[in-house]
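Letter by letter, the chains look like this.
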Amino acid sequence: MARILHVSCDFPDVFQPNKTQAIKRLVDGTPEHQHFVYSLNRVDGFSGTEIIPFAEGRFSVAYRAPPKGLFLRSRLESVARAILKHIAHCNINVDIVHAHKLTIDGIVGFQIARQLSLPIVFSVQGDTDIKVMNARPDLSSVFSDHVAASRRLFPFAPWAVDQVSLKFPGAANKSSLLPVMPADDTLSAGAAIHLPRLVSIFHLDSWRRKNLSALARSVKLLAQRMPDIRLDIYGGGSPASFLAAREAVAEAAAGEYVKFMGPVANSDIKGILKDYAAFVLPTLRESYGLVHAEALFAGLPILISKHMGIDGILPECSFIKRCNPHSDETVAAGIDELIQNEVKAKAALEMAQRNGVLEPIRRSAILQTYREGLRTALNANHGKLLDPASSTG
């Protein structure tokens, strides 16, 4: 059994119980280890950090920091110092640190690991981590230290570590692909419906990042020769986001073809998906896109964006169409191909389910990769943490 200290902005806690469950599933899925979780929550301000427990070995961290990454390093290093004091006060002993981003969570986790002389591993979340790296070239040496110190990197998808490797050569040699843990990975075949009915699921507060405008314009393009095409969008959001999303669809002159269906419970998703020909979500930015994987489990072919989300995890296949999300024509072409080839695509997906093609994105394989990565990190005699006095960051 290993004692693992997790640092994450994405763990449900007393302050934000509706955060994604993905990291919690990873923690809960490895009960043979003892887990301590520090869940980070930023609020606008310049100083102050408070830590409160919310479950056994689980702690909510509220800290003030300016928006837009101002004073990013100094504020997060201050958070690390507060956590170190808390660890000492609670007499917590751990064997390894897991920072669930290479950048933001990583700044905190790296400082903790360095001060306690512990090994550290990092997740690599392509969207956030690469965005922060590009926005903060002044912190390049800090992130380089993270890569150098890491005993293992856990990228969500291949393209993420490829991009990190462009900045920090050698990252790929330390990487173990670790897709996001699904809640339910039971497999079911999708029957052909022989209708151009499309579905998408996302939180409406993210309608811009999910590329709703291009999706609506693409559906409008296809409606010229497919007048019965329909796109149903499931997902909740604030009233302001709902109105803005409706206006984006209206601006695309696609209101006749796009319908907002409201929120949907996770337990109901699989039952809903069986009524559609394809799942379409050509996002502009996406670290993983768990809903794409969930659609595949439900037997539904999908449209994804190139070089983001789950792209590159599974082999080239007829039930996954890749598009350039910045081109309405290629988005429309991908949708068109999925509709025209629905029968063959769903049959190929059913065969892929039976032959284990989807195994890399299912729970058992993800947990096995995580266990092996932790074992490698704990047994490694390389990747020594930098001495506190030697950091270039």
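Below or above, wherever it landed, is the structure these notes cover. All values derive from a computational prediction rather than experimental measurement. By convention here, each chain's residues receive numbers from 1 onward along its written sequence. A pLDDT threshold of at least 70 governs which residues receive local features in this predicted model, and a stricter bar of 80 or more applies before side-chain atom pairs are shown or counted, although totals over entire chains, interfaces and linings include all residues. As a convention, hydrogens and water are excluded, and side-chain values are obtained from all of the structure's heavy atoms.

Things to note about unusual backbone geometry
Part 1: Notably, Phe71 is not glycine yet its phi reads approximately 55°, a positive angle.
Part 2: Working definition: helices are DSSP H or I runs of at least four residues, strands are E runs of at least two. Numbering for both runs from the N terminus. Following the sequence through the fold, Phe71 ends up in the loop between β4 (58–64) and α2 (72–90).
Part 3: Backbone geometry places Asn91, a non-glycine residue, at a positive phi of 55°.
Part 4: For Asn91, the position within the fold is in the loop between α2 and β5 (96–99).

Digging into the nonpolar core
Part 1: Only buried residues count toward a nonpolar core, which is a set of Ala, Val, Leu, Ile, Met, Phe, Trp, Tyr and Cys residues joined through side-chain atoms within 4.5 Å. A simple rule labels every residue: compare its accessible area, found with a 1.4 Å probe on the protein chains alone, to the largest value its type can have, and call it buried under 20%, exposed over 50%, or partly exposed in between. The biggest cluster of nonpolar side chains holds 117 residues, and the ones touching the most others in it are Ile83, Ile112, Phe279 and Leu296.
Part 2: Here this core takes 8 residues from α2, the largest share from any one element.
Part 3: Other than its neighbours up to four places away in sequence, Phe279 contacts Val199, Ser200, Ile201, Leu273, Val291, His292, Ala295, Leu300, Pro301, Ile302 and Leu303.
Part 4: Core analysis: the second largest hydrophobic core is formed by 13 residues, Leu26, Tyr370, Leu374 and Ala377 among them. Should any heavy atoms of two residues lie within 4.5 Å, those residues are considered in contact.

Structural notes on the packing of aromatic side chains
Part 1: In this analysis, rings of Phe, Tyr and Trp, with Trp reduced to its six-membered ring, are considered paired at centre separations within 6.5 Å, and the interplanar angle assigns stacked below 30 degrees, edge-to-face beyond 60, and tilted for intermediate values. Following the criterion strictly, the structure yields 6 aromatic pairs and no others.
Part 2: With a centroid separation of 6.5 Å and an interplanar angle of 85°, the aromatic rings of Tyr234 and Tyr276 are classed as edge-to-face. Of this pair, Tyr234 sits in strand β9 (residues 230–234) while Tyr276 sits in the loop between α9 (269–273) and β11 (278–280), and the two are 42 residues apart along the sequence.
Part 3: What makes Tyr234 buried here is its relative accessible area of 10%.
Part 4: Relative accessible area serves as the criterion here: at 2%, Tyr276 is assigned to the buried category.
Part 5: Over the aromatic face of Tyr276 sits the side chain of Arg197, whose NZ or CZ is 4.9 Å from the ring centroid. Cation placement over rings: the criterion is NZ of Lys or CZ of Arg within 6 Å of the ring centroid and within 35° of the ring normal.

Some remarks on a nonpolar patch on the surface
Part 1: Residues Val14, Phe15 and Ile52 make up a contiguous nonpolar surface patch of roughly 250 Å² in combined accessible area.
Part 2: As for its position among the elements, Ile52 is in strand β3 (residues 49–55).
Part 3: For Ile52, a relative accessible area of 35% puts it in the partly exposed group. To count toward a patch, a residue needs a relative accessible area over 30% and no salt bridge; like charges are then connected within 9 Å, while nonpolar side chains (Val, Leu, Ile, Met, Phe, Trp, Tyr) are connected within 5 Å. Methods summary: accessible areas were calculated by the Shrake-Rupley approach with a probe of 1.4 Å, and residue burial reflects only the protein chains presented. One speaks of a salt bridge when a side-chain nitrogen belonging to Lys or Arg is within 4 Å of a carboxyl oxygen belonging to Asp or Glu.

Describing helix α6 (residues 158–167)
Part 1: Every buried residue belonging to α6 is among Trp159, Ala160, Val161, Val164 and Ser165, and all of these are buried.
Part 2: Its buried side turned inward, α6 meets β6 (120–124), α4 (126–135), α5 (140–149) and β7 (152–155).

A closer look at the packing of α2 against helix α3 (residues 104–116)
Part 1: The geometry of α2 relative to α3 is characterised by a closest axis approach of 8 Å and an angle of 45° between their N-to-C directions. In this view, α2 runs oblique relative to α3, as classed from their interaxial angle. The two elements α2 and α3 cross, and the hand of that crossing is right-handed. On α3, the residues that touch Leu72, Arg73, Leu76, Glu77, Val79, Ala80, Ile83, Leu84 and Ile87 of α2 are Ile104, Ile107, Val108, Gln111, Ile112, Gln115 and Leu116.
Part 2: When residue character is reported, Ala, Val, Leu, Ile, Met, Phe, Trp, Tyr, Cys and Pro are called nonpolar, Asp, Glu, Lys and Arg charged, and the others, Gly included, polar. Taken together, the residues of the contact of α2 with α3 break down into 12 nonpolar, 2 polar and 2 charged. Every axis in this analysis is a line fitted to C-alpha atoms, fitted for helices over the stretch in contact. Angles between the N-to-C directions lie between 0 and 180 degrees. By definition in this entry, angles of less than 35 degrees are roughly parallel, angles greater than 145 are roughly antiparallel, angles of 65 to 115 are roughly perpendicular, and the rest are oblique. Left-handed is the label given to a crossing in which the near helix is rotated counterclockwise from the far helix by less than a right angle, and right-handed is the label when the rotation is clockwise.

Remarks on helix α10 (residues 290–297)
Part 1: With 8 of 8 residues buried, α10 is to be regarded as a mostly interior element.
Part 2: Inspection of α10 places Leu290, Val291, His292, Ala293, Glu294, Ala295, Leu296 and Phe297 among the buried residues, and these make up the whole buried set.

Focus: the sheet that holds strand β1 (residues 3–8)
Part 1: Ordered in space as β3-β4-β2-β1-β5-β6-β7, the 7 strands form an open sheet in which the pairing is mixed. A single partner strand is all that each edge strand has here, and the edge strands are β3 and β7. In this sheet, neighbouring strand axes are inclined to one another by 20° on average, regardless of whether the strands run parallel or antiparallel.
Part 2: For two strands to be treated as a pair, DSSP must find no fewer than two bridges joining them. Here β3 runs beside β4; their pairing, made up of 6 bridges, is antiparallel. Note that in β4 the partner of Glu50 across the bridge is Ala62.

A few points about the sheet that holds β11
Part 1: Pairing within the open sheet is parallel, and its 6 strands lie in the order β10-β9-β8-β11-β12-β13. Where the open sheet ends on each side, the last strands, each with one partner, are β10 (258–262) and β13 (320–323). On average, each strand axis in the sheet is inclined to that of its neighbour by 30°, with strand direction left out of account.
Part 2: Relative to β9, strand β8 (residues 197–201) runs parallel, the two being bridged by 5 bridges.

Description of the state of the cysteines
Part 1: The rule for a disulfide is simple: a pair of cysteine sulfur atoms within 2.5 Å. Within the structure shown, the criterion is met by 0 disulfides.
Part 2: In this model Cys323 remains outside any disulfide bridge; the closest cysteine sulfur is found in Cys317, 15 Å from its own.
Part 3: We classify Cys323 as buried; its relative accessible area is 1%.

Points about the side chain of Lys19
Part 1: Inspection of the secondary structure puts Lys19 in the loop between β1 and α1 (22–28).
Part 2: Sequence-distant contacts of Lys19, defined by excluding residues within four places in its chain, comprise Cys9, Asp10, Phe11, Pro12, Asp13, Ser39, Leu40 and Asn41.

Nothing here speaks to function; it is all geometry.
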